[in-house]
Amino acid sequence: MRQATLHQLKVFEAVARQNSFTRAAEELFLTQPTVSMQVKQLSKAVGLPLFEQVGKRLYLTDAGKELYTTCREIFERLSEFETAIADIKGLKQGALKLAVVTTAKYVIPRLLGPFCQRHPGIDVSLTVTNHEYVIDSLANNRHDLYILSQPPEDLDVTVQPFLENPLVVLAWRNHPLASEVNIPLKRLAEETFIMREPGSGTRKAIQKVFDDSGLPLKVKLDLGSNEAIKQAIAGGLGISVLSLHTLALEGTNSQLTILDVEDFPIQRYWYVIYPAGKQLSLIAQTFFDYLLNEGKAIAEQTAFQGVFSQGRKPDGHDEHCKV
Ligand code: PGA
C-alpha cells in the first residue's frame, strides 16, 4: 500500500463514487485506459481486487468498500487542511472550488472576472454540471460553494438568493406564434418541445408548470446543452423554455424570439448554497459575500445588453420582440 499515490486514490474515489470508469474519466479529464491503469496499479499495491464486474454492473469488493471509506476520510481531512492553510495565507493565495449548474455558466464566469481581478492570487476551479450532479456534490461536500436555482429540500443547507433567473419560451423568429400576445398555455402544449436532459433543473421547472396545469408536454428531442437547444430551435425543430441568461450574447441577428405566453416567464432565482455547519474558508466566505452584495449589479452591467437594448424588459412582459 505504501506505493499507492494520492492521484491513484483520487482516481479510485471517482470510479467508486460514479460507479463507472467512463464517467470518472470524464470527470477527471483523463482517458478511460489511464483510469483503468491507475486502478489496476492501486489494486496491485493493496494486494486485492477493488472492483468486480457482474454483467454490465460494477461493484466494489469488500476491500474496495474499505478503501472508499478511507479515501473519503483522507480527502475530507486534506480539504480541512487546505482551508486552514488558505486562512493562514489570507486572501493572497488559495483555491476556490465552485460547482454550478449548466445554465449558471452564462452568469458565474462574468462574476468571477471582477472577483479574480481583486484577488489575483486565488485559483478558481469551476465544475459545470447539471442540477442532479450539483446536488450530489453538495450532499458529499466536494466543493466550497454551489450555485443552482432549485435548493434541495431534503438537505440541511445555508442558502441565499443573489440574482433573478427567469425562464422564457424560445422559438424560431419566424414561428407562427411569434407575433401573438398572451398565448394560452394550452396552445403552447400543441407545439413540440426540445428539452434539456433528465436531471436538469430547467427541465424540472417546465415539467412542473405543465404537470400543475394537467397538460401533456410533447417532447421531440432531449439535448444536454443550452447552446445545442438554441441551434435546434433555429433549425425549426421545435420550441423550448430556457433561462433568459442563455441569451446574454445573442445579437440583433439572432434567429430566436421570446414568445409571450401566459404564466411565463417562470420566475426563479440563482442561489448560492453550502452545507449547514460547514466552516467556509476565508476565500469562500469572501466570494459568498461578494455574490450577495455585488452579484446582481455586476451581472446586470455585463449581460443581457443584446436583449434589453431591443425593448424587452427583464420580466419578459414588454412588447414582443426579436432577441
Ligand atoms: P440546469 O439547471 O442547468 O441543470 O437545467 C438550471 C436551473 O436549475 O435553473
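About the criteria used
Counting of residues starts from 1 at the beginning of each chain's written sequence and follows it residue by residue. Per-residue local features of the predicted model are confined to residues with pLDDT of at least 70, and side-chain atom pairs are confined, for both listing and counting, to 80 or more; whole-chain, interface and lining totals are unaffected and use all residues. Side-chain calculation: all heavy atoms of the structure are included, whereas hydrogens and water are not. Any residue with a non-hydrogen atom lying within 4 Å of a molecule or strand is treated as near it. N or O atoms within 3.5 Å of each other form a polar contact, as long as, within protein, one can give a hydrogen and the other can take it, and as long as residues adjacent in sequence are counted only when both atoms are side-chain atoms. Only the protein chains shown count as covering a residue, and every accessible area follows the Shrake-Rupley method with a 1.4 Å probe. Throughout, the ten residues Ala, Val, Leu, Ile, Met, Phe, Trp, Tyr, Cys and Pro are labelled nonpolar, Asp, Glu, Lys and Arg are labelled charged, and all others, Gly among them, are labelled polar. At least two bridges found by DSSP between two strands is the condition for calling them paired. Helix and strand definitions follow DSSP, with helices as H or I runs of at least four residues and strands as E runs of at least two, each counted in order from the N terminus. Simply put, an axis is a line fit to the C-alpha atoms, just over the touching stretch for a helix, and the angle between two N-to-C directions goes from 0 to 180 degrees. What makes a crossing left-handed is the near helix being turned counterclockwise from the far one by less than a right angle; a clockwise turn instead makes it right-handed. Note on definitions: a residue-residue contact is assigned when non-hydrogen atoms from the two residues lie within 4.5 Å. The pLDDT value tells you how sure the predictor is about a given residue, anywhere from 0 up to 100. Definition of nonpolar core: a set of buried residues of the types Ala, Val, Leu, Ile, Met, Phe, Trp, Tyr and Cys, connected through side-chain atoms within 4.5 Å. For the exposure calls, accessible area comes from a 1.4 Å probe over protein chains only, and a residue counts as buried if that area is under 20% of its type's maximum, exposed if over 50%, partly exposed in between.

1. With respect to the site of the ligand
Logical step 1: All residues in the neighbourhood of the ligand are listed as V101, T102, T103, N130, H131, S149, N165, R196, S200, G201, T202 and R268.
Logical step 2: Contacts to the ligand include H131, whose backbone N or O atom sits 3.0 Å from an oxygen atom.
Logical step 3: Measuring from an oxygen atom of the ligand, one finds a side-chain N or O atom of R196 at 3.1 Å.
Logical step 4: Alone, the ligand offers 280 Å² of accessible surface; in the complex the protein occludes 100% of this.
Logical step 5: Counted by class, the shell around the ligand contains one nonpolar, nine polar and two charged residues.

2. Concerning the sheet that holds strand β7 (residues 167-172)
Logical step 1: Read across the sheet, three strands follow the order β10-β7-β11 without closing on themselves; strand pairing throughout is antiparallel. Lying at the two open borders of the sheet, with one neighbouring strand each, are β10 (240-243) and β11 (256-259). Ignoring which end each strand starts from, the neighbouring axes of this sheet average 50° apart.
Logical step 2: Where β7 meets β10, four bridges bridge the pair, whose relative direction is antiparallel. Across the sheet, residue L167 finds its bridge partner in β10, namely S243.

3. Overview of the packing of helix α1 (residues 6-18) against helix α4 (residues 62-89)
Logical step 1: Look at α1 against α4: their axes get within 10 Å of each other, and the N-to-C directions meet at 115°. For the crossing formed where α1 meets α4, the hand is left-handed. On α4, the residues touching L6, L9, K10, F12, E13, A16 and R17 of α1 are G64, L67, Y68, C71, R72, I74, F75 and L78.
Logical step 2: Here the contact of α1 with α4 is composed, by residue class, of 10 nonpolar, one polar and four charged.

4. Description of unusual backbone geometry
Logical step 1: With an omega dihedral of 0°, the bond running from F264 to P265 counts as a cis peptide bond.
Logical step 2: With respect to the helices, strands and loops of the structure, P265 is situated in the loop between β11 and β12 (269-275).
Logical step 3: Even without being glycine, F29 reaches a positive phi, approximately 55°.
Logical step 4: Here F29 shows up in the loop between α2 (21-28) and α3 (32-46).

5. Focus on the confidence of the model for the protein chain
Logical step 1: Of all residues in the protein chain, 93% attain a pLDDT of 70 or more, and the chain-wide mean is 88.
Logical step 2: Confidence over residues 306-323 falls short of pLDDT 50; this stretch has 45 contacts with residues more than four positions distant or in other chains.

6. A few points about the nonpolar core
Logical step 1: Judged by nonpolar contacts, the single largest core of 37 residues is most densely connected at I108, L111, L145, I147, F162 and F287.
Logical step 2: Listing elements by their share of this core, those giving two or more residues are β3 (94-101), α5 (108-118), α6 (131-139), β5 (145-148), β6 (157-164), β12 and α10 (282-302).
Logical step 3: Ranked by residue count, the leading element in this core is α10, at eight residues.
Logical step 4: I108 has contacts with L98, V100, L126, I147 and F162, leaving out every residue within four places of it along the chain.

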